[in-house]
Amino acid sequence: MALVLPTLACLASGFLLVCVGWSRKGPLPTDLLLRASLSVGYGLGLFSVFCFLARVCNIRNLVLVDLLVLVLLIAAVVLAWARAAENTTAVSTSNSVQSPVWFHRVVTSALVIALCGAFYSAILRVRAYPHGDGWDAFAIWNLHARFLFRGGSLWRDGFTALLPWSHPDYPLLLPAGTAHFWTYLGRDDPHVPAVVGFFFTFATVGILLSALSILRGRAQAMLGAIALLATPSFIEQGAWQYADIPLSFFYLATIALLCLHDQRAQEASSQPPAGLLALAGMAAGFAAWTKNEGVLFLGAVILARQLISIRSARRVALAGGKINFARQSGPLLAGSAPLFLLIIYFKHWIAPPGDLFSDPSSMLHKVLDVTRYWAIARWYVKAFLRFGDWLLIPGSLLLIGFYFLAGKEDRRTAQRGFRTSVLALALTLAGYFAVYLITPYDIYWHLRFSLPRLFLQLWPATVFLFFLVVRGLSEGVPAGSGERGLDPLRAGECA
Amino acid sequence: MHDLPAPDQRARRITIGALIFILCCLLSTARVVWDAPRPSSLPDSANRIGRRSDLRFASLKASLPERGVVGYVGEPGAAALGDYYLAQYALAPLVVDHSENHPLVVGNFPSPPAASPAIRPPSENLQLLKDFGDGVILFANKGAN
């Protein structure tokens, strides 16, 4: 019961932050699900930032800080909604997407079964392993949380080079978020990080379901959610408090918000909503504040956005138009900048140097070693087929098979948000490859223990992009059959 | 150039594809459920980490300073690293350095004496201060700075 108050404060601050950036008015259940799912990550992100800043500034009363933040956010939401009332643009038409009734029932039943199975399994795992299973939870994240909570004014002691195995340079979203909850409770209850892991797992599914529902309709969204819920290692590692699942949450949130922004920009070409782009930037910033891989992703998203904007600008210039770069990338940078500065502060003034660049002299030698490229490429192929721990047929192969049967929608792959997202994920994957090239550890040991988890980080975003472009049933049913659905994008274009 | 499939043919392919997709996903859902811990094993597994960390080091913790750095000696081998991590987890915010070179050194020997016969100071510099039982020992290192 004692957890109820901090949980409400965390979710409310996340929800309000999302509402400030996103004043879109669409179908209530889908919008509510997306906002509620996003609020898990944004809420814990805010909690972690304020806990960390409170430790740095030696502020003891976190409850007062939370109250102040909530009041400010409420005022900002009121202002944002007042503005939105004047500028209401197109409304989502996702409810108009229809699929054959029997098919819809089959997909809904499958979703319910997959959801119940995942829920049952996650609850049992959380109850069986409240400290997490595997070393990551107690050797890294919860240990750092204990230093932040128990350390008082000497909390920095925990971020010392004497404990290199605890990766003291890892960012603090999870530890500081957990420590914030513990401050409310007055004790370091192990159930807090376990519940956080559980919430992140299902909030990721919530984002996938709701964002795809808005962009592609319910049938396509349910297929995507089934794919994620049926990934055994996703459910397992979420419940075991591996940070890869919160990271995958922020990757997905960034990409879903980018795609929502760009679709909205198409619908309301006069003034694209900057708030969604700022929220996407903030999600990428929170990814960087979760794990070091997130810093790579943040850089990849910003670079991809610039590259795609430059390419679009060339095309528009040929047609005699002009692209506003500040509007295309400004809010994205503004959303991520505060978190990026926070990470720089943490890395420069608090954390010892990381282990990755500990042996710069041998890096060039490793980069020139062709056998390392070959080894990493082989492991990439192996992990591509194995990373989800599926039964019989790997989920990655299933998506490929489905793609060959269904085909894709070319006009969606031409959308800026989609192309930015694909390029960002490709750059992130290439970045992971480069890290393996220069790793100071034994390359096979490093690949074996980390690559499947890196693939898992990208999996929810990949499933989202896949079902965004793969042809859905509404396009395949013959016209005049009475079952053909209205595509929301096409409806938006007509509007 | 090849002809595009007719709309009804395409619809059939998508439907079949989606159904196969769902069926295969539900197979993995079966694994998700099957691999979950059994409800009967919950109480035992839930306390596993606590028993090896917080409960195990509770009395030692009361004898140590609240802050600072202490040393650590444990059983040899990579498998014993987990014991060291759990000792640090339990004793935070005290920093536990895996080295004898500190005035106070925590000894952690969780294996029964038969398996780990040497519950005695692992080096000449260490002097036994207190044995807390269950393989948890506090040493003093006279030679440390």
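About the criteria used
Residues numbered from 1 in each chain as written. Chains lettered and ligands numbered in written order. Predicted model: local features only at pLDDT ≥ 70, side-chain atom pairs only at ≥ 80, totals over all residues. Helix = DSSP H or I, 4+ residues; strand = E, 2+ residues; numbered from the N terminus. Contact = placed C-beta atoms within 7 Å. pLDDT = per-residue confidence, 0-100. Axes fitted to C-alpha atoms, helices over the stretch in contact; angles between N-to-C directions. Parallel < 35°, antiparallel > 145°, perpendicular 65-115°, else oblique. Left-handed = near helix turned anticlockwise from the far one by under 90°. Bend = angle between axes of the 7 residues up to and from the residue. Buried ≥ 20, exposed ≤ 12 C-beta atoms within 10 Å, placed from the backbone. Pairing = 2+ DSSP bridges. Core = buried A, V, L, I, M, F, W, Y, C linked by C-beta atoms within 7 Å. Nonpolar A, V, L, I, M, F, W, Y, C, P; charged D, E, K, R; others polar.

Colleague: Would you explain the overall build of chain B in this entry?
Modeller: Check the secondary structure of chain B and you find five helices and five strands. Seen in sequence order, chain B has helices and strands lined up from the N terminus as α-α-α-α-β-α-β-β-β-β. A sequence separation of at least 24 residues applies to 68% of the contacts in chain B between residues at least 6 apart.

Colleague: When you look at the confidence of the model for chain B in this model, what are you seeing that I'm missing?
Modeller: Atom-level detail of predicted coordinates should not be read off regions where pLDDT is low. Taken as a whole, chain B shows an average pLDDT of 84; of its residues, 87% reach a score of 70 or greater. Complex prediction metrics read pTM 0.91 and ipTM 0.89.

Colleague: Sorry, what's going on with the packing of helix α5 (residues 136-150) of chain A against helix α6 (residues 173-185) of chain A here?
Modeller: Helix-helix packing is described using two parameters, namely the angle between the two axes and the distance between the axes. Residues and elements named next belong to chain A. With their axes 8 Å apart at the nearest point, α5 and α6 run at an angle of 50 degrees to one another. By the angle between their directions, the pair α5 and α6 is classed as oblique. As α5 packs across α6, the resulting crossing turns out to be right-handed. Here Trp141, Asn142, His144, Ala145, Leu148 and Phe149 of α5 lie close against α6, whose contacting residues are Leu174, Pro175, Ala176, Thr178, Ala179, Trp182 and Thr183.

Colleague: How do you make sense of helix α19 (residues 443-469) of chain A when you look at a structure like this?
Modeller: Because an α-helix packs 3.6 residues into every turn, residues spaced three or four apart end up facing the same way. Bending of α19 of chain A peaks at approximately 40 degrees at the position of Ser450 of chain A, with proline Pro452 of chain A no more than four residues after it. Counting buried positions along α19 of chain A yields 20 of 27 residues, so the element is predominantly enclosed.

Colleague: It is not clear to me how the sheet that holds strand β1 (residues 69-74) of chain B should be interpreted in this structure. Could you clarify?
Modeller: Each strand in a sheet pairs with its neighbour through backbone hydrogen bonds, running either in the same direction (parallel) or in the opposite one (antiparallel). Residues and elements named next belong to chain B. Judged by pairing direction, the sheet is mixed, and its five strands sit side by side in the order β2-β1-β3-β5-β4 without closing on themselves. Two strands bound the open sheet, and with one partner strand each, they are β2 (95-97) and β4 (126-133). Geometrically, the sheet is characterised by an average inter-axis angle of 30 degrees between neighbouring strands, direction not taken into account.

Colleague: Quick question: what am I supposed to make of the nonpolar core here?
Modeller: Core analysis: the largest hydrophobic core is formed by 181 residues, its most contacted members being Leu208, Ile226 and Phe464 of chain A. Excluding its chain neighbours within four sequence positions, the residues that come into contact with Leu208 of chain A are Gly224, Ala225, Leu228, Leu252, Pro460, Val463 and Phe464 of chain A.

Colleague: Where do I start with the interface of chain B and chain A in this structure?
Modeller: In many analyses, interface size is given as the accessible surface area lost on bringing the parts together. Each partner contributes to the interface: chain B provides 43 residues, whereas chain A provides 53 residues. Contributions of two or more residues to the side of chain B that touches chain A are made by α1 (7-34), α2 (42-46), α3 (48-52), α5 (81-91) and β2 of chain B. Here the side of chain B that touches chain A takes 22 residues from α1 of chain B, the largest share from any one element. Residue classes in the side of chain B that touches chain A are distributed as 27 nonpolar, nine polar and seven charged.

Colleague: Hey, could you run me through unusual backbone geometry in this one?
Modeller: Most of the time, phi is negative for any residue but glycine, and the peptide bond is trans. Residue Pro93 of chain B is reached from Ala92 of chain B by a cis peptide bond, and omega for that bond is 15 degrees. When you line up the elements, Pro93 of chain B lands in the loop between α5 and β2. Backbone geometry at His167 of chain A places phi at a positive 50 degrees, although glycine is not the residue there. Mapped onto the secondary structure, His167 of chain A falls in the loop between α5 and α6. One non-glycine residue, Leu392 of chain A, adopts positive backbone phi at about 65 degrees.

Colleague: Mind showing me how you'd approach the confidence of the model for chain A here?
Modeller: Residue and element names in this part refer to chain A. The predicted model of chain A has a mean per-residue pLDDT of 86, with 88% of residues at 70 or higher. Of the regions scoring below 50 in pLDDT, residues 88-97 engages in 34 contacts with residues more than four places distant in sequence or in other chains. Scored below 50 in pLDDT, residues 475-495 makes 46 contacts in the model with residues more than four places away or belonging to other chains.

Colleague: Help me understand the packing of helix α2 (residues 28-56) of chain A against helix α7 (residues 191-216) of chain A, please; the structure alone is not making it clear to me.
Modeller: Residue and element names in this part refer to chain A. For the pair α2 and α7, the least separation of the axes is 8 Å and the interaxial angle reads 145 degrees. Judged by the sense of rotation from one axis to the other, the crossing of α2 with α7 is left-handed. Contacts between α2 and α7 involve Thr30, Leu33, Leu34, Ala36, Ser37, Leu38, Val40, Gly41 and Leu44 from the former and Val196, Phe199, Phe200, Ala203, Gly206, Ile207, Leu209, Ser210, Ala211, Ser213 and Ile214 from the latter. Along the lines of polarity and charge, the residues of the contact of α2 with α7 split into 14 nonpolar, six polar and no charged.

Colleague: Would you mind showing me how to read the pairing of β4 of chain B here?
Modeller: Consecutive side chains along a regular strand alternate between the two faces of the sheet. Residues and elements named next belong to chain B. Taken together, the six bridges between β4 and strand β5 (residues 136-141) define a ladder with antiparallel strand orientation. Its bridge partner lying in β5, Asp131 is registered against Ile137. Linking β4 back to β5 in an antiparallel pair, the connection comprises two residues, with Asp134 at a positive phi of about 60 degrees.

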